[in-house]
Amino acid sequence: MSEEKSHLIAQCQLSSLYHEHRECFLATCHRMVLFVIIMSSALLASGLVESYATVKQLMLLAPVLLASLDLVFSFSTASQTHKFFRHRYSYIEAKLVGGDISRDTFLTEMSKEVTQLMAEEPPAYRALLYHCTNLTDLRTRNEPTLKIPRVHMLFRNVFRFAGSQPKRIVSQ
């Protein structure tokens, strides 16, 4: 297998994994928001929290706040966007892996397709990208190659950590 083909396949695997993680996180956020809205509304309608004034006030605010969050951050729409990217990268990877690719023009076209797809992606969450890099590295090595701070790992789907650069782990 040529080095260029291997590089394209690895790029597709990394991007597909990254978008899978984003898709799952955003879909979970959307489901959690809907769950809390439904449960708080049901509890209010049932009258079970009538004697707890503070809890009742919080439950009245929760649906409004959470629906506003879901509307502003578009959890469901963003999840579907990442699902689209995940499918596109998987499709390109399948085309690269599936056939006998000895033609330079085919590799050039696939490289252009990957580059165009990368240009359409939303800005990356760096800590998540580094985490996915470690996960793909673990397929071929026994240990990860990047050391990611705990805080970055904890909030990898929440903050972009745009300027962060992880330390490389030196194998011994």
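Report follows, based on the coordinates. Note that this is a predicted model, so its numbers are computed, not measured. (Residues numbered from 1 in each chain as written. Predicted model: local features only at pLDDT ≥ 70, side-chain atom pairs only at ≥ 80, totals over all residues. Heavy atoms only, no water.)

## A short note on the overall build of the protein
Helix and strand content of the protein: six helices and two strands. When its helices and strands are written in sequence order, the protein yields α-α-α-α-α-β-α-β. By principal-axis analysis of the C-alpha atoms, the protein measures approximately 75 × 40 × 25 Å. Among the 172 residues that make up the protein, the fraction classed as buried is 34%. In the protein, the share of contacts with a sequence separation of at least 24, taken over all contacts with a separation of at least 6, comes to 70%. Carbon together with sulfur atoms contributes 61% to the accessible area of the protein, which is approximately 11200 Å² in total. Mean positive and mean negative side-chain charge positions of the protein (19 and 15 charges, respectively) differ by 7 Å. (Helix = DSSP H or I, 4+ residues; strand = E, 2+ residues; numbered from the N terminus. Buried < 20%, exposed > 50% of the residue type's maximum accessible area, 1.4 Å probe, protein only. Contact = heavy atoms within 4.5 Å. Areas by Shrake-Rupley, 256 points an atom, 1.4 Å probe, with all protein chains shown as cover. Lys, Arg positive; Asp, Glu negative; His and termini not counted. Charge placed at Lys NZ, Arg CZ, Asp CG, Glu CD.)

## Quick word on the environment of Y89
Along the chain, the position of Y89 falls in helix α3 (residues 75-98). Look at Y89 and you get buried, because its relative accessible area is 0%. Considered as a pair, Y89 and S79 are 10 residues apart in the sequence and their alpha carbons are 16 Å apart. Once residues within four sequence positions are removed from consideration, Y89 is found in contact with C12, S15, S16, H19, V114, L117, M118 and E121. For Y89, the side chain forms a polar contact with the main-chain nitrogen of M118, separated by 3.4 Å. (Polar contact = N/O pair within 3.5 Å; in protein donor to acceptor, adjacent residues only side chain to side chain.)

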